[in-house]
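# Commentary on secondary and tertiary structure
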Amino acid sequence: MALQGPIPVSFHQVFPHGCFIVGEVEQVKDFDASSKGRTVYAKDKNTGELVWQVAVMDADPTVKAGQKTVSVKILSPVQPVVPAALPGLPFVPVEFDGMTATAYVAQNTGRLAWSIRATTMRAPRTAAAPAKAPAGKDVAA
């Protein structure tokens, strides 16, 4: 089978309605390598980059309440910086680049689940400017 390992996905495939940060960016602990009194932090097996995670809320109104919040892991040598808050919004909108999805079976439910990873976190891009009308033509308002 050609599909092995993480599957490259775009931000808009995972979060077509966008998403919002609802937690702090935290470094992921490697529980297998850590011992009492000695914390070891996780590194990506392929790149060697440190692994960070942030909780985000999916803005899709059709997603069930129990599935709205997901953790996105970010591979980065330094702690990713949360984008600036926007006036009037209770949560910070965010987008991710270099995303992958890896399927696994959740131990607590026995159901298919997805591990979402990214290489960068950033503020959402603004919508493209409307197309200009040809010279001499008025655009309806």
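As the structure is a computational prediction, the values presented were derived from the model and not from experiment. (Residues numbered from 1 in each chain as written. Predicted model: local features only at pLDDT ≥ 70, side-chain atom pairs only at ≥ 80, totals over all residues. Heavy atoms only, no water.)

## Some remarks on the pairing of strand 7 (residues 100–105)
- Where strand 1 (residues 7–8) and strand 7 come together, two bridges link them in antiparallel fashion. Looking across to strand 7, one finds that Pro 8 is bridged to Thr 100.
- Note that strand 7 and strand 8 (residues 112–118) share six bridges and pair antiparallel. Its bridge partner being in strand 8, Thr 100 is matched across the sheet by Arg 117. (Pairing = 2+ DSSP bridges. Helix = DSSP H or I, 4+ residues; strand = E, 2+ residues; numbered from the N terminus.)

## A word on the confidence of the model for the protein
- Looking at the protein as a whole, its pLDDT mean stands at 88, while 89% of the residues score no less than 70.
- Confidence over residues 137–141 falls short of pLDDT 50; this stretch has one contact with residues more than four positions distant or in other chains. (pLDDT = per-residue confidence, 0-100. Contact = heavy atoms within 4.5 Å.)

## Quick look at the nonpolar core
- Val 54, Val 56, Phe 96 and Met 121 are the most contacted members of the largest nonpolar core, which totals 18 residues.
- For this core, the secondary structure elements donating two or more residues are strand 2 (19–21), strand 4 (51–58), strand 5 (69–75), strand 6 (92–97) and strand 8.
- Broken down by element, the residue count for this core peaks at three residues, all from strand 4.
- Contact partners of Met 121, with chain neighbours within four places excluded, come to Ile 21, Val 25, Val 54, Ile 74, Pro 80, Val 81, Val 82, Pro 83, Val 94, Glu 95 and Phe 96. (Core = buried A, V, L, I, M, F, W, Y, C linked by side-chain atoms within 4.5 Å. Buried < 20%, exposed > 50% of the residue type's maximum accessible area, 1.4 Å probe, protein only.)

## Some thoughts on the packing of aromatic side chains
- For the coordinates displayed, the defined rule picks out two aromatic pairs.
- Their ring planes at 40° and their centres at 5.6 Å tell us that Phe 11 and Phe 15 sit as a pair that is tilted. Considered together, Phe 11 and Phe 15 belong to a single accessibility category, that of buried residues.
- With a centroid separation of 6.5 Å and an interplanar angle of 45°, the aromatic rings of Phe 11 and Phe 96 are classed as tilted. Of the two residues, Phe 11 sits in helix 1 (residues 11–14) while Phe 96 sits in strand 6, which places them 85 residues apart along the sequence. Of the two residues, Phe 11 and Phe 96, both sit in the buried class.
- Taken together, Phe 11, Phe 15 and Phe 96 form an aromatic cluster joined through their ring pairs. (Phe/Tyr/Trp six-rings, centres within 6.5 Å; stacked < 30°, edge-to-face > 60°.)

## Remarks on the side chain of Asp 60
- By secondary structure assignment, the location of Asp 60 is in the loop between strand 4 and strand 5.
- It is Lys 68 that comes nearest to the buried, bridge-free Asp 60 among opposite-charge side chains, at 6.1 Å.
- Here the side chain of Asp 60 touches Thr 62 through a polar contact of 2.7 Å, side chain to side chain.
- Every residue in contact with Asp 60, bar those within four places of it in the chain, is listed here: His 17 and Lys 68. (Lys, Arg positive; Asp, Glu negative; His and termini not counted. Salt bridge = Lys/Arg side-chain N within 4 Å of Asp/Glu carboxyl O. Polar contact = N/O pair within 3.5 Å; in protein donor to acceptor, adjacent residues only side chain to side chain.)

## So, the pairing of strand 6
- Burial of strand 6 is extensive: five of the six residues sit out of reach of the surface.
- The sheet contact formed by strand 2 and strand 6 spans three bridges and is antiparallel. Following the sheet pairing, Cys 19 is matched in strand 6 by Val 94.
- Across three bridges, the pairing between strand 6 and strand 9 (residues 120–122) is antiparallel. Considered in strand 9, the bridge of Phe 96 is made with Met 121.

## Side note on the pattern of salt bridges
- The final tally for this structure, using the stated rule, is three salt bridges.
- When the shortest N-O distance is used, the salt bridge between Asp 44 and Arg 117 registers 2.7 Å. With Asp 44 in the loop between strand 3 (26–27) and strand 4 and Arg 117 in strand 8, the pair connects residues that are 73 residues apart, well separated along the chain.
- With a shortest N-O distance of 2.7 Å, Arg 122 and Asp 97 are connected by a salt bridge. Highlighted residues: Arg 122 in strand 9 and Asp 97 in strand 6, separated in sequence by 25 residues.
- A residue is classified by how much of its surface remains accessible, and Arg 122, at 17% relative accessible area, is buried.
- A relative accessible area of 25% means that Asp 97 is categorised as partly exposed.

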